[in-house]
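Structural overview
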Amino acid sequence: MIMKKKAKYIKVDDFLKMLKDGDKIVGGMAANEPQLILANLHRAFDDYDVKSLEFTNCLGIRQDAPIYTEKYSDKIEISSWFYDPAIRKAHQNGNASFIPNYLHYAHTKRFERVKYDYFVSAASMPDEHGYISLSTCNVYEKAAVKNAKVTVLEVNPNFPRTFGDLEIHISEVDYLIETDYPCPTLPDIPLNEKDIAIGKFIADRIEDGSCIQLGIGGIPNAVAEQLKNKKDLGIHTEMFTSTMVDLIECGAVTGKKKKLYPGKHVAAFAFGNQKLYDFINNNPSVLLIDGAWVNDPYVIGQNDKQVSINAALEVALDGQVASESIGTRQFSGAGGQVDTAVGAQNSKGGKSFIALYSTALVRNPETGVREPKSKIVPFITPGGAVTLSRADVDNVVTEYGVAELRGTTLKERAIELIKIAHPDFREELFNEGVSIGILSERERPKLVKYFKK
């Protein structure tokens, strides 16, 4: 086999000089986002007279990158698998668009359609054998090396060297840029009373020997805190989190009961605090494997007692879940919610949980005052994307309890959801349920004791 020549070390300006009008660039995800390139990409227009570029990312963290500002909105087209605050602002400028997806085939579908000119990402330093780890992320990064015409990696001694199937030889890389910035971290979020209540409801339903999937935020962190007294838990998850490290260190997670990679902690990417990065560095017990495999519902379902825990923005009385948009406004993305929710229910003894606070504070357009609004709603806000269909929902959890929806009729699930709605909105939800035909007045006696007096 003829190997490509050894990667060449360059400076960021050398990369900018390579760019041509219309070039398509795909960037690494989350902590793998190439910070130096993102901070300087706008200079391709300012200093090197490039007229237009296309850029694709996912869960970006460099919120201050100039390419997201209105100044460059006529020069760069941005596509994303998962919106962050900077992309939401760019969307308002008319030059950003969302890529609807399920994580397990997001990049395969996109890469079938688009051949990228450049893949740019952070990575660990080359080892003595010439191998580079793509470090914190393998959702699509290894696949992007094969898809793109040119691969440019920001190699950094502060990034962990990880294992799985994300190692690449230096001969597969075209250019390296040496950097020394810290590996981006997620702040540890303090838990509130709602998080703790929801965490306990979910943890009480997770058995010893279960295999868990957690995500970002207070609710998953609260669940993890409540799992510390469990035994022989396993990890097969889209995102490897800081709280998972705590569960491993306290002995709750051993991975002994897993069907796939027993004793190993499997994920598609890692994102969290510095303790997490120190833990996964040179740690063969953690495997970061291509998201197309990790998040395949068929694969997920092969582990017994697989548990999926995801968040939502709204849940309708018929069970439909909106987790990525508020009406027509794209807010985040589907991520792996459908993959893991369906996969967990394919698992022997598996369970899926959709967790959300019962209310949110929403600004009244007339008064400008923020007012409580129920997040359990008669129907999804018009124009909103349904992330998880009503047929794929298992358990819905708020700080008021758990609604078990699997196998229920529309009438039964509406009743269960009203019971876990905020008391201020229960009677209103019942009346709305009657008006849209899901409920009838015959059910009022079953719910009247739950209405606020």
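This report concerns the structure included in the present document. (Residues numbered from 1 in each chain as written. Predicted model: local features only at pLDDT ≥ 70, side-chain atom pairs only at ≥ 80, totals over all residues. Heavy atoms only, no water.)

**Some words on the pattern of salt bridges**
A complete count under the given rule lists 22 salt bridges for this structure. Put simply, Lys275 and Asp246 hold a salt bridge, and the shortest N to O gap is 3.0 Å. Taken together, the positions of Lys275 in helix H10 (residues 274-280) and Asp246 in helix H9 (residues 242-249) put the pair 29 residues apart, joining distant regions of the chain. Residue classification places Lys275 among the partly exposed residues on the basis of a relative accessible area of 37%. The shortest N-O distance in the salt bridge between Asp394 and Arg406 comes to 2.6 Å. Remark: Arg406 occurs in the loop between strand E26 (401-404) and helix H14 (410-419) and Asp394 occurs in the loop between strand E24 (376-377) and strand E25 (395-398); sequence separation between them is twelve residues. Residue Arg406 is classed as partly exposed on the basis of its relative accessible area of 45%. (Salt bridge = Lys/Arg side-chain N within 4 Å of Asp/Glu carboxyl O. Helix = DSSP H or I, 4+ residues; strand = E, 2+ residues; numbered from the N terminus. Buried < 20%, exposed > 50% of the residue type's maximum accessible area, 1.4 Å probe, protein only.)

**A short note on the packing of aromatic side chains**
Scanning the entire structure with this criterion turns up eleven aromatic pairs. Aromatic pair Phe159 and Tyr181: ring centres 5.9 Å apart, planes at 85°, arrangement edge-to-face. Taken together, the positions of Phe159 in the loop between strand E8 (150-155) and strand E9 (163-164) and Tyr181 in the loop between strand E11 (175-178) and helix H7 (193-203) put the pair 22 residues apart, joining distant regions of the chain. Aromatic pair Phe240 and Phe279: ring centres 6.4 Å apart, planes at 10°, arrangement stacked. Note that Phe240 is positioned in strand E13 (residues 234-240) and Phe279 in helix H10, a separation of 39 residues in sequence. Grouped by ring-pair contacts, the aromatic residues Trp81, Phe111, Tyr116 and Tyr140 constitute a single cluster. Its end group placed over the ring of Tyr357, Lys194 keeps NZ or CZ at 5.2 Å from the ring centre. Note that Arg426 overlies the ring of Tyr400, its terminal NZ or CZ placed 5.3 Å from the centroid. (Phe/Tyr/Trp six-rings, centres within 6.5 Å; stacked < 30°, edge-to-face > 60°. Lys NZ or Arg CZ within 6 Å of the ring centre and 35° of its normal.)

**Some points on empty space enclosed by the protein**
This structure, assessed with the given rule, holds one cavity of 30 Å³ or more. In this model, the largest cavity occupies a volume close to 40 Å³. Every residue along the wall of the largest cavity is listed here: Lys24, Glu54, Phe55, Thr56, Glu77, Ser79, Arg110, Val114 and Tyr116. Those elements giving two or more residues to the lining of the largest cavity turn out to be strand E3 (53-57) and strand E4 (76-80). Ranked by residues supplied to the lining of the largest cavity, first place goes to E3 with three residues. Here the lining of the largest cavity is built from residues that sort into three nonpolar, two polar and four charged. (1 Å grid on protein atoms, 1.4 Å probe; cavity = no way out; pocket = protein on both sides within 12 Å on 5 of 7 lines; lining within 4 Å. Points joined across faces, edges and corners; volume = space filled by probe spheres on them. Nonpolar A, V, L, I, M, F, W, Y, C, P; charged D, E, K, R; others polar.)

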